[in-house]
Amino acid sequence: MQGFSGPVPDGMWTALRQEFGLPSLDEVRARLNDLPDPEPVLRALVRVFIGDGTFCPGFQFLADGQLDPRVTALFKTAMEAKVPHNYFALWMMTPARELAGARPVDRLNDTGRLLRILRAAAGLASVGRR
């Protein structure tokens, strides 16, 4: 993703954990065991890789534990643009000039605009357009 390079700062993981939670993939998988077919949900998860662990940022979950379709749409576009998971999480948590200093995670109600910003940040303005 343009503008991001190198490892994600540890402070960002701390901030994400404190504000939204950062459960391990195993914890999320255990919660999904009640679903008849958890695989589609598992495939749609934003996963971040910290040290030897795999975690799932809490910003992608609604209050009832389901995936937020707005985040899922953004993440799908990021995957189409080959944006690494960790950089997607960083992008979600980073104040953006295009959002008057707000973070994408704070503007999920404006998903169309976020998709355009994400495409531009990924350097692939045509990705995901139909």
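To be clear, the structure that these remarks concern was listed above.
Residues numbered from 1 in each chain as written. Predicted model: local features only at pLDDT ≥ 70, side-chain atom pairs only at ≥ 80, totals over all residues. Heavy atoms only, no water.

Within the protein one finds 6 helices and 2 strands. Its helices and strands in sequence order give the protein the pattern α-α-α-β-β-α-α-α, from N to C terminus. For 130 residues, the compact-globule estimate of 2.2 N^0.38 gives 14 Å, and the C-alpha radius of gyration of the protein, at 14 Å, lies within 12% of that figure. Taken along the three principal axes of its C-alpha coordinates, the protein extends 40 × 35 × 25 Å. Looking at the protein as a whole, 45% of its 130 residues qualify as buried. Contacts in the protein between residues at least 24 apart in sequence constitute 59% of all its contacts with a sequence separation of at least 6. On the protein, roughly 7,200 Å² of surface is accessible, and the fraction owed to carbon and sulfur atoms is 52%. (Helix = DSSP H or I, 4+ residues; strand = E, 2+ residues; numbered from the N terminus. Rg over C-alpha atoms; globule rule 2.2 N^0.38 Å. Buried < 20%, exposed > 50% of the residue type's maximum accessible area, 1.4 Å probe, protein only. Contact = heavy atoms within 4.5 Å. Areas by Shrake-Rupley, 256 points an atom, 1.4 Å probe, with all protein chains shown as cover.)

Turning to the packing of aromatic side chains, a few remarks are in order. Counted according to the given criterion, the structure contains 3 aromatic pairs. Seen from their ring centres, F20 and F59 are 6.1 Å apart, and the 85° between their planes marks the pair as edge-to-face. In this pair, F20 is assigned in helix α1 (residues 10-20) and F59 in the loop between β2 (53-55) and α4 (69-80), connecting sequence segments 39 residues apart. Overall, the relative accessible area of 29% leaves F20 in the partly exposed class. Given the relative accessible area of 4%, F59 is considered buried. (Phe/Tyr/Trp six-rings, centres within 6.5 Å; stacked < 30°, edge-to-face > 60°.)

Taken as a whole, helix α2 (residues 25-32) has its buried residues at L25, V28 and L32. The arc enclosing the buried residues of α2, seen along the axis, measures out at 65°, which places them on a common side. Among the structural elements, α3 (39-44) and β2 are those in contact with the buried residues of α2. (Arc of directions from axis to C-beta.)

This part is about the pattern of salt bridges. A complete count under the given rule lists 6 salt bridges for this structure. A salt bridge links K76 to E80; the shortest N-O distance between them is 3.7 Å. One end of the pair is K76 and the other is E80, both in helix α4 and 4 residues apart, which spans about a single turn. For K76, a relative accessible area of 48% gives the class partly exposed. A salt bridge links R97 to E98; the shortest N-O distance between them is 3.7 Å. For R97, a relative accessible area of 72% gives the class exposed. According to the relative accessible area criterion, E98 is partly exposed, its value standing at 35%. Salt bridges sharing partners connect three or more residues here, namely E19, R103 and D106. (Salt bridge = Lys/Arg side-chain N within 4 Å of Asp/Glu carboxyl O.)

Turning our eyes to something else, we now look at unusual backbone geometry. The phi dihedral of K82 is positive, around 60°, even though this residue is not glycine. Within the secondary structure layout, K82 lies in the loop between α4 and α5 (85-93). Residue K82 is classed as exposed on the basis of its relative accessible area of 72%.

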